[in-house]
Amino acid sequence: CLFACPSMFYVKNLEHEIELEPIHFGPKLRPTIVRLLKEEVEGLALANYGYVVNVIDVPKETIKSGIIEYDTGNVVFTVQYTALLLRPFINEVLDATVSQCNPLGFFAFVGPLRIFVSKHSMPQDMFNGFDGEKDAWVSDDKEVIISSGCGVRLKIKGRTVEQ
């Protein structure tokens, strides 16, 4: 890791394999590899590292010589790159935007990350407060309403990666 921040964003060196057909060989091979790398990994959720937000750098010397696949004639290049990753940490507090409410809880987004908040993790006065007509969670005193589009502050209690 190049550096670590106290936040959920960090920069890391990673490796990926790119398979190219022979039609792509020529003077624009490197730009083609970089373009395909970005298309394949940006937006990808990596279980051990988090969500790849951006490919920052692909140094020229990190694109290794390719290996020919004898069945297809394609060549597989191993590419090392530097990426900006997004990974929330357990007990981290985040601001999110609610996207959907249902009787079991609600879904919210923090950038590209989709987060589910169970009704069991909500305050006690909201536990039985789902209003199906409004499609919202309402507190017992009707002071707090959580509905689609509103902002919430939440604490990460666990993580799973969905592909």
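In this text, all values refer to a predicted model and were calculated from it rather than measured experimentally.

Peer 1: So what's going on with the nonpolar core? Which residues, and what values?
Peer 2: Judged by nonpolar contacts, the single largest core of 20 residues is most densely connected at Phe 106, Ile 146, Val 152 and Leu 154. Contributions of two or more residues to this core are made by strand E6 (93-102), strand E7 (105-110), strand E8 (113-118) and strand E12 (151-155). With four residues, E6 is the largest single contributor of residues to this core. Counting 19 residues, the second largest nonpolar core, distinct from the first, contains Leu 20, Val 52, Ile 63 and Phe 77.

Peer 1: Pulling in residues and values, what's your account of the packing of aromatic side chains?
Peer 2: Each aromatic ring pair is specified by the distance between its two centres and by the angle formed by the two planes. Inspection of every chain in the model, using the stated rule, returns two aromatic pairs. Between Phe 107 and Phe 116, the ring centres sit 4.9 Å apart and the planes meet at 50°, which makes this aromatic pair tilted. Measuring from centroid to centroid gives 5.4 Å for Phe 130 and Trp 137, while their planes differ by 55°, and the two rings are tilted. Phe 130 sits in the partly exposed class, given a relative accessible area of 24%. Of note, Arg 114 hangs over the ring of Phe 107, and the distance from its end group to the ring centre comes to 4.0 Å.

Procedures and definitions
Numbers given to residues run from 1 along each chain, matching the order in which its sequence is written. Totals for whole chains, interfaces and linings use every residue, but because this is a predicted model, local features are given only for residues with pLDDT of at least 70 and side-chain atom pairs only at 80 or more, for both listing and counting. Side-chain metrics rest on all non-hydrogen atoms present in the structure, leaving aside hydrogens and water. The definition of a nonpolar core used throughout is a set of buried Ala, Val, Leu, Ile, Met, Phe, Trp, Tyr and Cys residues joined through side-chain atoms within 4.5 Å. Accessibility here uses a 1.4 Å probe with only protein chains present; expressed as a share of the type maximum, an area under 20% marks a residue as buried, one over 50% as exposed, and anything in between as partly exposed. Helix and strand definitions here come from DSSP, where helices need a minimum of 4 consecutive H or I residues and strands a minimum of 2 consecutive E residues; each element is numbered from the N-terminal end. Working definition: rings of Phe, Tyr and Trp (its six-membered ring) pair if their centres are within 6.5 Å, and the pair is stacked with planes under 30 degrees apart, edge-to-face with planes over 60 apart, and tilted otherwise. Working rule: Lys NZ or Arg CZ, within 6 Å of ring centre, within 35 degrees of ring normal, means a charge sits over the ring.

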